[in-house]
2 protein chains.
Amino acid sequence: MEERFERAYRELIVRAKEIALISSCALLLGWDEETNLPRGGARHRGEQQALLAGLEHYRAIDPHLGELLAECDASLPEGRPIEAANLKELRRRYERATRLPRSLVEALARTATLSQDAWLAAKEVRRFSDFAPWLEQVVALKREEAQALSAGGELYDALLGNYEPNARWSELAPLFEALDQALGPLLSAGLAASGQDAISLQRNFPFDRQRAFSVEVAERLGFNLSQGRIDTAAHPSTMLIGPGDCRITTWFRKDDLLDGFYSTLHEVGHGLYDQGLDPEAFGTPAGEAASLGLHESQSRMFENLIGRSRGFWTYFYPRAKTVFAPALDDLQLDGFLSAIQRVAPGPIRFRADEITYNIHILIRVELERALLEGRLEARDLPAAWREAYRTRLGIVPADDAEGCLQDGHWASAMFGYFPTYTIGNLIAAQLYQAARRDLGNLDQLFAKGEFVPLVEWLRDRIHRHGFARTPADLVQAATGHPLSHEALVLHLHERYVLHRA
Amino acid sequence: MEERFERAYRELIVRAKEIALISSCALLLGWDEETNLPRGGARHRGEQQALLAGLEHYRAIDPHLGELLAECDASLPEGRPIEAANLKELRRRYERATRLPRSLVEALARTATLSQDAWLAAKEVRRFSDFAPWLEQVVALKREEAQALSAGGELYDALLGNYEPNARWSELAPLFEALDQALGPLLSAGLAASGQDAISLQRNFPFDRQRAFSVEVAERLGFNLSQGRIDTAAHPSTMLIGPGDCRITTWFRKDDLLDGFYSTLHEVGHGLYDQGLDPEAFGTPAGEAASLGLHESQSRMFENLIGRSRGFWTYFYPRAKTVFAPALDDLQLDGFLSAIQRVAPGPIRFRADEITYNIHILIRVELERALLEGRLEARDLPAAWREAYRTRLGIVPADDAEGCLQDGHWASAMFGYFPTYTIGNLIAAQLYQAARRDLGNLDQLFAKGEFVPLVEWLRDRIHRHGFARTPADLVQAATGHPLSHEALVLHLHERYVLHRA
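As the structure is a computational prediction, the values presented were derived from the model and not from experiment.

Colleague: Which parts of the structure should I look at to understand the nonpolar core?
Modeller: Side chains that are nonpolar tend, in soluble globular proteins, to be buried together. In this structure, F312, W313, L381 and L454 of chain B are the most contacted members of the largest nonpolar core, which totals 135 residues. The leading source of residues in this core is helix α14 (residues 354–372) of chain B, at 11 residues. Both domain 1 (2–165) and domain 2 (170–498) of chain B contribute no fewer than three residues apiece to this core. Contact partners of W313 of chain B, with chain neighbours within four places excluded, come to F213, F261, Y262, G307, R308, P318, A320, L333, F336, L337 and I340 of chain B. If you look at the next biggest cluster of nonpolar residues, it comprises 133 residues, including F205, A290, A378 and L458 of chain A.

Colleague: Please explain the relation of the copies chain A and chain B as it appears in this structure.
Modeller: The relation between the two copies of this chain is a rotation about an axis and a shift parallel to it. With an RMSD of 0.0 Å, the operation that places chain A on chain B is a rotation of 180 degrees combined with a shift of 0.0 Å along the axis. The superposition of one copy onto the other is thereby described by a two-fold rotation axis. Both copies contact each other with a shared surface, as 100% of the interface residues of chain A are interface residues in chain B too.

Colleague: Just checking my understanding: could you explain the interface of chain A and chain B for this structure?
Modeller: The parts lose accessible area when they come together, and the size of an interface is often stated as this lost area. Opposite the 37 residues of chain A that make contact, chain B presents 37 residues. Across the chain A/chain B interface, buried area totals approximately 2,700 Å², and carbon plus sulfur atoms make up 61% of it. Across the contact surface, chain A and chain B share four salt bridges. A salt bridge links R45 of chain B to D245 of chain A; its shortest N-O distance comes to 3.6 Å. Where chain A touches chain B, the interface holds 14 residue pairs in polar contact (both at pLDDT 80 or more). Each residue belonging to the side of chain A that touches chain B can be placed in one class, and the counts come to 14 nonpolar, 12 polar and 11 charged.

Colleague: What is the right way to read the pairing of strand β2 (residues 237–242) of chain B from this model?
Modeller: A regular strand places its side chains so that they alternate between the two faces of the sheet. Residue and element names in this part refer to chain B. Taking burial as the measure, the six residues of β2 include six buried ones, the bulk of the element. Summarising the sheet, β2 and strand β3 (residues 245–250) pair through five bridges and their orientation is antiparallel. Each bridged residue has a counterpart across the sheet, and for T238 the counterpart in β3 is I248. Adjacent in sequence and paired antiparallel, β2 and β3 are bridged by two residues, among which G244 carries a positive phi angle near 80 degrees.

Colleague: How should I be thinking about the packing of α14 of chain B against helix α16 (residues 419–439) of chain B in this particular structure?
Modeller: Working note: a packed helix pair is described by the angle between its axes plus the distance between those axes. Residue and element names in this part refer to chain B. Running from N to C, α14 and α16 point in directions that differ by 145 degrees, and their axes come no closer than 8 Å. Handedness of the crossing formed by α14 with α16: left-handed. For the pair α14 and α16, the contacting residues are Y357, N358, I361, V365 and E368 in the first and P419, Y421, T422 and N425 in the second. Looking at the contact of α14 with α16 residue by residue, the classes come out as five nonpolar, three polar and one charged.

Colleague: How do you make sense of unusual backbone geometry when you look at a structure like this?
Modeller: Most peptide bonds take the trans form, and the phi angle of most residues other than glycine is negative. P326 of chain A follows A325 of chain A through a cis peptide bond whose omega is 5 degrees. Along the chain, P326 of chain A falls in the loop between α12 (310–323) and α13 (333–340). Phi at N166 of chain A is positive, roughly 65 degrees, even though this residue is not glycine. Along the chain, N166 of chain A falls in the loop between α7 (155–160) and α8 (169–194). Residues other than glycine seldom take positive phi values, yet R126 of chain B does so here, at roughly 55 degrees.

Colleague: How should the environment of P347 of chain B be read in this particular structure?
Modeller: Residues and elements named next belong to chain B. Take P347: it is sitting in the loop between α13 (333–340) and α14. Put simply, P347 and G394 are 47 residues apart on the chain and 9.9 Å apart in space, counted from C-alpha to C-alpha. Look past the residues within four positions of P347 in its chain and what remains in contact with it is H360, Y389, I395, P397, E402 and Q406.

Colleague: Would you mind going over the sheet that holds strand β1 (residues 228–232) of chain A with me for this structure?
Modeller: In any sheet, the strands associate via hydrogen bonds between backbone groups, in a parallel or an antiparallel arrangement. Residue and element names in this part refer to chain A. Reading across the sheet, the three strands line up as β1-β3-β2 and stay open at both edges, with mixed pairing between neighbours. A single partner strand is all that each edge strand has here, and the edge strands are β1 and β2 (237–242). Ignoring which end each strand starts from, the neighbouring axes of this sheet average 20 degrees apart. Packed on one face of the sheet, helix α1 (residues 2–35) meets β1, β2 and β3 (245–250) and runs near 140 degrees to β2. Each of β1, β2 and β3 touches helix α10 (residues 257–276); the most contacted strand, β3, lies at about 165 degrees to it.

Conventions used here
Residues numbered from 1 in each chain as written. Chains lettered and ligands numbered in written order. Predicted model: local features only at pLDDT ≥ 70, side-chain atom pairs only at ≥ 80, totals over all residues. Heavy atoms only, no water. Core = buried A, V, L, I, M, F, W, Y, C linked by side-chain atoms within 4.5 Å. Buried < 20%, exposed > 50% of the residue type's maximum accessible area, 1.4 Å probe, protein only. Helix = DSSP H or I, 4+ residues; strand = E, 2+ residues; numbered from the N terminus. Domains from an automatic or database assignment. Contact = heavy atoms within 4.5 Å. Least-squares fit on C-alpha atoms with pLDDT ≥ 70 in both. Buried area = accessible area lost by both parts, 1.4 Å probe. Salt bridge = Lys/Arg side-chain N within 4 Å of Asp/Glu carboxyl O. Polar contact = N/O pair within 3.5 Å; in protein donor to acceptor, adjacent residues only side chain to side chain. Nonpolar A, V, L, I, M, F, W, Y, C, P; charged D, E, K, R; others polar. Pairing = 2+ DSSP bridges. Axes fitted to C-alpha atoms, helices over the stretch in contact; angles between N-to-C directions. Left-handed = near helix turned anticlockwise from the far one by under 90°.

This is how it looks when you write it as structure tokens:
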């Protein structure tokens, strides 16, 4: 029995790794699209991506894979938790893949490449109508995908499953709802505590110094540049091409330190997770991040819980003053902290404070569900967007570029991705609370430049496990509680109301 | 009959294009290795390349491809020269591919990636012994490849065929021999005419201005940057990833204008050929360059015949003086020309004058043939290299970095590539002679910044045909003569003896 299992399992893993290798080629091509592709090369790139997606899909639905999975399931010995977890996830993927026609997979890959290109161009001229036909195509294809995957269940759950395995919106909704309830009063209190007197951070921060400072901080936090890169691109992202090759893209804006710095910190959180995965397990679920929500918990933790803390800036602010001199000469640590911890509703998600950020996500989740379910037409998106922002945040974007064209997710066919940011915020706060319980006063450690204890705690509790344990299980084990909205609400209250009042 | 042909031919082309698409993914990964790959990612990249090589090979040897080729051959209608040329070349590739075991193809791809990495590292510390075990592996694999391909014929011809379809060393040798005979007296005369008084071009040429000037010239010569890129890398090269995506890599050295500028010009010649191919025919031989020798004829023409001419610099030198001010303030056009047209044997191939360049190639061809045929062991390469340079050029390289580690071709498993440079020099001179016959005084056109007539002449005579006509046929049609050494010898005599004496 054991021998029968070993043989089938070994072959299964060889096949899983081959699929992952093809996928990693596609990822590298995707990184290149973001960073290097000449405008004239987009059509050919679409053909390349369609081919790779087809090759991957062909292997992912190979009936022999189904036989191997059945063979392994039937002969799995007791006490093999990693093998069991790999089997569970590989079976889930096989079942999903076999529901998708190859033509749809290829069409999605091709369309996503071209649609990203159209999105970039439309955003540049700040005009949604140029992008509308592409969004319409993407929505139609994603609906088709959701219908094929859902097998009669909820369409949205089918797409959520691309990022958050086995998640159901009906189970997430109460969590989001509880958070939403708490955000209203928090926002009012946070606004009152922040007051009117904003310290402006619109100063002269030259591009190359922003880049140097961000990279310096990334390395100090533990991102290994001999096993990765940091580049600028139209959209910040992190891609694990393979072991030893983790690529962050970010952006910088002249005269604005925060946009680029916090985008980079966010991606560094992703990068540390990726670099903390087991390289030997690459190509199997055990070597991959357990969910996008868990991934976002790492990025959002570095961006906010760590990167907006007093301890972090006690250590880094003197360095920032030197690097950017004379831009910050007149501003002391307290003033700088009050500027980066300010609550202020604005049109842009990635720039939002920690309270309003989740409202941006709730709006996107509502809109993408409506698009998918046909309650909203692609061409009506700008109006619906404006209405939602007016109602929920009391603001109206000046144009489409700071409205519904601001994010590239939908252009890249990433529907069902947005909830993972709020899941990430929830997990991040709960993990951070537990880390303070285990490691003592993190602010004091950070103030001395000691980030290793927290990173090692995360490596041990989260990163190294990959898919071998579920996100729910990892959160429960690390924090002692199932995931709830409470730690996040507590954190927001502490940082934005208590410490400001 | 016609319908039977059309059906089989259509399917054949679909398959050829799929193979080309996989190959173009591998090429993009290769470009990334040269420009962006973190050191830690080399092992994974080797696995990716092995996978793609295997996927490509699997398709290239598909017996159904053989059936389609036979079907097309049997039913090819009269008067279809492009289809006939495609069939001929696709059949040649099919026959070669079916002779190679997949394990060898994958081993070569994997080893070439790792060996390039080892070469870069060895070159950095200027120590051949670090690279020797890799060269030994590459040579063993290339010998295995040559044995499989040659089917009892000449081993070297088998590898030549990777770059120069249907070429035989026994036919090239007399051409190389005739050139070699002429080079001795030319070198003596050229040295005498150059004299001792070298004008130094070791001046302050900041990196970013070199880059800006090179890119400006590239665009002026017709290289389209919306359909391509120019980047810096460890080794200059040009890769046509696909239609609309032609990528040049080059390098620049501070204080040395010529290295970077002429490397860029060389690659621009390649790039213009690639951008002049028929994009609709991409993925079929008719959409590909007809041979590497023909490709090198374009690069060497731009680098030397055009790029070292008086007309070229009459136009560009005033601009260079402005861009690099004050570095060239004291140097007038005549002095500059005498510096860039100087004959001086040195250890580095890519930096060599037009006369000694071919001697560098002859040395490499001798050595790679000896390695392949087992007459020279990899570990003995540095000694053989020094001996050849001492005998043929009267110089001894200071270390391995300026000796046998200077070129990356062998590290990339490119054996049989070097002859294409001299083939390129021969073709370039003969084409240039014909262009002068057809277009009048090129120097006068260049002096007015008019490069379009020559580029269009090349587009018409060479670029647009791809593989649809053989290199021999294209040369004969464009020049009225079969390829010989005479035009090159005449050009070298004119430029380096007559005009200097």
